[in-house]
Amino acid sequence: MNRRLLSSPRARFLSEPFVNGYTDIEKENATFSIGNSEENEDIFFENAPEYLKMRCKLSAKSEFPDVKISAGYRTTSNGEDFLMNKKLYDGSQIAMNGMVSEVCIEFLDIQTDCKIISEELAKIAVIYRKRFKLQTVSKRIPNYPDRSNQQSGIFMTKSDAHPFAGCYFPGIKLSEIQPYLFYVGTDVRTEPYLKIISAKEAIQSNLVRISKDVDTSSLSTLEDDVCNGEVRFKANEFTYMSILSQKDTLTSDIFTILFKKIND
């Protein structure tokens, strides 16, 4: 076999590679178009950008009414009727640390360069209020035999879950800012109790039934509200809707929300 056919080919280039021949492109004024769109979208338009990234902070209020809850119960199925009476919000039955009636989202600044909208929002301060449904009147709560905890000779009862308050503490995640519900019943010692349960646990578990008076949509977390576009504001004649939130801190109440411009 001819050894010359097995040797590597050799080539000698008399000029520079192809790309080096275009060093005279004016890079600063060059415009590049990717795709076949005929319309360019400027998401950083000064007066009304398509998207706004806003820095916000949380604040909360704890204002509760003076109400009493009562419920009838028995220690045996055919036994004597008793009546429990408990104050709901005075802290004697339920620890009220972290319980709130309202959480607010306050505007701090816009990270997108848009001076006009930033000045308008500075006048508004609070851009969203999440008011938690409370038990506002004293009432007797119906209860029923607790079929989930039947034990021989013990008659246990439980009520449906009713609105109580919201949860908040410094550094809390937006997904944990949610409504809480209360319910009453009797335990294995036939002692009456008053307990609370988070909206998440009430929805995902079979621990307690949710009262028909409670609209499931009202059990949303603050993160639900942001992602569902509930946080809106109007500035410079344009309406913006929340689409995403980000909070990575453990002790700070500062977080960011991304907004998208929408057509009214």
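In case you missed it, the structure is sitting above this.
Residues numbered from 1 in each chain as written. Predicted model: local features only at pLDDT ≥ 70, side-chain atom pairs only at ≥ 80, totals over all residues. Heavy atoms only, no water.

> Please clarify how the environment of Asp 113 should be interpreted in this entry.
When you line up the elements, Asp 113 lands in the loop between β5 (102-110) and α2 (115-124). Residue Asp 113 is classed as exposed on the basis of its relative accessible area of 68%. C-alpha of Asp 113 to C-alpha of Leu 52: the two residues are 61 residues apart in sequence and 8.8 Å apart in space. (Helix = DSSP H or I, 4+ residues; strand = E, 2+ residues; numbered from the N terminus. Buried < 20%, exposed > 50% of the residue type's maximum accessible area, 1.4 Å probe, protein only.)

> Help me out: how do you make sense of the sheet that holds strand β3 (residues 82-87) in this one?
Strands in a sheet are paired, the pairing made by backbone hydrogen bonds, and the direction either parallel or antiparallel. An order of β3-β2-β7 is seen for the 3 strands of this open sheet, with the pairing classed as mixed. In the strand order of this sheet, the two ends are held by β3 and β7 (139-140), each with one partner. Pairing analysis gives 6 bridges linking strand β2 (residues 68-73) to β3, with the strands arranged antiparallel. If you follow Ala 71 over to β3, its bridge partner there is Met 84. (Pairing = 2+ DSSP bridges.)

> Just to check I follow, could you spell out the pattern of salt bridges for this structure?
A pair can form between side chains of opposite charge whenever their charged atoms are brought close. Tallied over the full model, the rule gives 10 salt bridges. Two residues, Lys 130 and Asp 225, come together in a salt bridge whose shortest N-O distance is 2.9 Å. You can see Lys 130 sitting in strand β6 (residues 126-131) and its partner Asp 225 sitting in helix α4 (residues 222-227), a full 95 residues away along the chain. Each member of the pair, Lys 130 together with Asp 225, is buried. One salt bridge in this structure joins Arg 209 and Asp 160, with 3.0 Å as the shortest N-O distance. Taken together, the residues Arg 209 in the loop between α3 (199-204) and α4 and Asp 160 in the loop between β9 (157-159) and β10 (162-167) connect sequence positions 49 residues apart. For Arg 209, a relative accessible area of 49% corresponds to the partly exposed category. What makes Asp 160 buried here is its relative accessible area of 18%. Each of Glu 102, Arg 129 and Arg 131 takes part in salt bridges that share partners, so that together they form one network. (Salt bridge = Lys/Arg side-chain N within 4 Å of Asp/Glu carboxyl O.)

Taken by themselves, the reported measurements are silent on function.
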